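One-letter residues, chain by chain:
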Amino acid sequence: MPVAVFDALDGHEEVVFLHDPRSGLRAIVAIHSTTLGPALGGTRFYPFASEDEALRDVLRLSRGMTYKAAAAGLDLGGGKAVIIGDPKRSKSEELLRSYGRFIESLGGRYITAADVGTTRDDMDVIRRETRYVTGVSSTLGGSGDPSPITAYGVYLSMLACAEEVLHEHALEGRRIAVQGVGKVGYPLVKLLVEEAKAKVTVSDVDVDSVARAVRDFGVDTAEPDRIHAVDCDIFAPCALGGAINDRTIPQLRCAIVAGSANNQLERPEHGKALADLGILYAPDYIVNAGGLINVADELQGYQPERAREAVRGVYRTLREVFSIAREEHLTTAEAADRFAESRIDRIGRVRLYWVPGGLGWAKLWGG
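Overview of the structure. Being a predicted model, the structure only gives us computed values, none of them experimental.

## A closer look at the overall build of the chain
Okay, so step 1: Helix and strand content of the chain: 14 helices and 14 strands.
Okay, so step 2: In terms of overall dimensions, the chain is globule-like: its C-alpha atoms have a radius of gyration of 20 Å, near the 21 Å expected for 367 residues.
Okay, so step 3: In terms of overall dimensions, the chain has C-alpha extents of about 55 × 55 × 45 Å along its principal axes.
Okay, so step 4: For the chain, the residues scored as buried account for 57% of the 367 residues in total.

Here it is as structure tokens:
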């Protein structure tokens, strides 16, 4: 039976498989769209069970980046990369530099950044081989780790949700269950406890991460497979995707789902399932756009306050998505897609291209 390769690509412009036997590199770069500009998205280093699983993950994530960039008002398209392997065992300078050379060969159609399993230090190594990397150290002109500002965007999103459901612009005294206290979850908990004065319950498959959160913030804990069932105002998925699924939805005891994880809905119809239960879902690619907005600022010479001001737009975007959902009788997930697709349709002919000689990105009106 012939393999329907192009059908499997699910509308992506380009998918590149990278292999360097000497360093052990096995990676996939998926470019979903460059309609609004070059595709920017992180590199996930993860021990996938199979190459098929890695491909499915990178295709799903890259599509989400297209919508995330469009909804955030950026002149960027969507892309993502995965490196197959255990980052604690397989990661090496040789592998990262080999990966960087492959990214350089794509000529700027894809720009990478840190994601699950990769760090700012990794981006610095990759930067030795390619211009097309963001989230590097400030000494290299970068913005550093985007996780804290991603968490800030999630916090603002929770305030927007509280206004929508609880009719309050505050989270003080509210119970928030945070699934995952890693890169983004930890700084989010810090904001929730120290700034919002919220009551927080956390879980993580990494017991050391949980212990750190308890030590630093005095939060409550739950088992990783039960955090979604905690009686709370907001359930915040901040780990891997698929937290909202057939098993977890009937067990939810929250009014709001708002977190930083990508692809929280295991299937699109789960957005309607939440709406039918009266649970407000804050679309993940709106909520977690802060990191993308922050690293994108590097493309014009990083200015922290300018980036932070841009991230404040996450709150306004989410309020607009909620308005569209109400007025057009859509789920919030459908409303977010409509918001992003509208921008792509309206200004999709604005292109970016790399100006040789280090002059940066410039706009070009064309087909």
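Alright, that's what it looks like, and here's the rest.
## A few points about the sheet that holds strand β11 (residues 256–257)
Okay, so step 1: With parallel pairing, the 6 strands of this open sheet are ordered in space as β9-β8-β7-β10-β11-β12. Each having just a single partner strand, β9 (220–221) and β12 (280–281) make up the two edges of the open sheet.
Okay, so step 2: Here strand β7 (residues 175–179) runs beside strand β8 (residues 199–203); their pairing, made up of 5 bridges, is parallel. Bridging across to β8, Arg 175 finds its partner in Lys 199.

## Thoughts on the state of the cysteines
Okay, so step 1: By the definition in use, this model includes 0 disulfides.
Okay, so step 2: Free of any disulfide, Cys 161 has its nearest cysteine sulfur in Cys 254, 11 Å distant.
Okay, so step 3: With no disulfide of its own, Cys 254 lies closest to Cys 232 among cysteine sulfurs, the gap being 5.1 Å.
Okay, so step 4: With relative accessibility at 13%, the residue Cys 254 sits in the buried group.

## Remarks on the pattern of salt bridges
Okay, so step 1: Under the defined criterion, the tally for this structure stands at 33 salt bridges.
Okay, so step 2: Here Asp 115 makes a salt bridge to Arg 44, at a shortest N to O gap of 2.8 Å. Of this pair, Asp 115 sits in the loop between β6 (110–111) and α5 (120–127) while Arg 44 sits in strand β4 (residues 43–46), placing them 71 residues apart in sequence. The residues Asp 115 and Arg 44 share a single accessibility class, namely buried.
Okay, so step 3: Taking the shortest distance from any N to any O, the salt bridge between Arg 312 and Glu 309 comes out at 2.5 Å.
Okay, so step 4: The exposure class of Glu 309 is partly exposed, given its relative accessible area of 38%.
Okay, so step 5: Among the ionic contacts, a cluster of salt bridges with common partners joins Arg 44, Asp 57, Arg 60, Lys 80 and Asp 115.

## Considering the packing of aromatic side chains
Okay, so step 1: Scanning the entire structure with this criterion turns up 3 aromatic pairs.
Okay, so step 2: Positioned above the aromatic ring of Tyr 186, the side-chain terminus of Arg 212 is 3.6 Å from the ring centre.

## A short note on the pairing of β7
Okay, so step 1: Burial analysis of β7 places 4 of its 5 residues in the buried class, the great majority of the element.
Okay, so step 2: Read as a crossover between parallel neighbours, the route from β7 over helix α7 (residues 185–195) to β8 is right-handed.
Okay, so step 3: Pairing of β7 with strand β10 (residues 234–237) involves 4 bridges; the strand directions are parallel. Bridge assignment links Val 178 to a residue of β10, and that residue is Ala 236.

## Some thoughts on the packing of helix α6 (residues 147–166) against α7
Okay, so step 1: Packing of α6 against α7 leaves a shortest axis separation of 8 Å and a crossing angle of 50 degrees. The angle between the axes of α6 and α7 places the two elements in the oblique class. Two packed elements cross with a definite hand, and for α6 against α7 that hand is right-handed. Note on element contacts: α7 touches α6 through Pro 187, Leu 188, Leu 191, Leu 192 and Glu 195, opposite Ser 147, Pro 148, Ala 151, Tyr 152, Val 154, Tyr 155 and Met 158.
Okay, so step 2: In the contact of α6 with α7, the residues fall into 10 nonpolar, 1 polar and 1 charged.

Quick notes on the rules
Residues numbered from 1 in each chain as written. Predicted model: local features only at pLDDT ≥ 70, side-chain atom pairs only at ≥ 80, totals over all residues. Heavy atoms only, no water. Helix = DSSP H or I, 4+ residues; strand = E, 2+ residues; numbered from the N terminus. Rg over C-alpha atoms; globule rule 2.2 N^0.38 Å. Buried < 20%, exposed > 50% of the residue type's maximum accessible area, 1.4 Å probe, protein only. Pairing = 2+ DSSP bridges. Disulfide = S-S within 2.5 Å. Salt bridge = Lys/Arg side-chain N within 4 Å of Asp/Glu carboxyl O. Phe/Tyr/Trp six-rings, centres within 6.5 Å; stacked < 30°, edge-to-face > 60°. Lys NZ or Arg CZ within 6 Å of the ring centre and 35° of its normal. Right-handed = clockwise from strand over helix to strand, strands pointing away. Axes fitted to C-alpha atoms, helices over the stretch in contact; angles between N-to-C directions. Parallel < 35°, antiparallel > 145°, perpendicular 65-115°, else oblique. Left-handed = near helix turned anticlockwise from the far one by under 90°. Contact = heavy atoms within 4.5 Å. Nonpolar A, V, L, I, M, F, W, Y, C, P; charged D, E, K, R; others polar.

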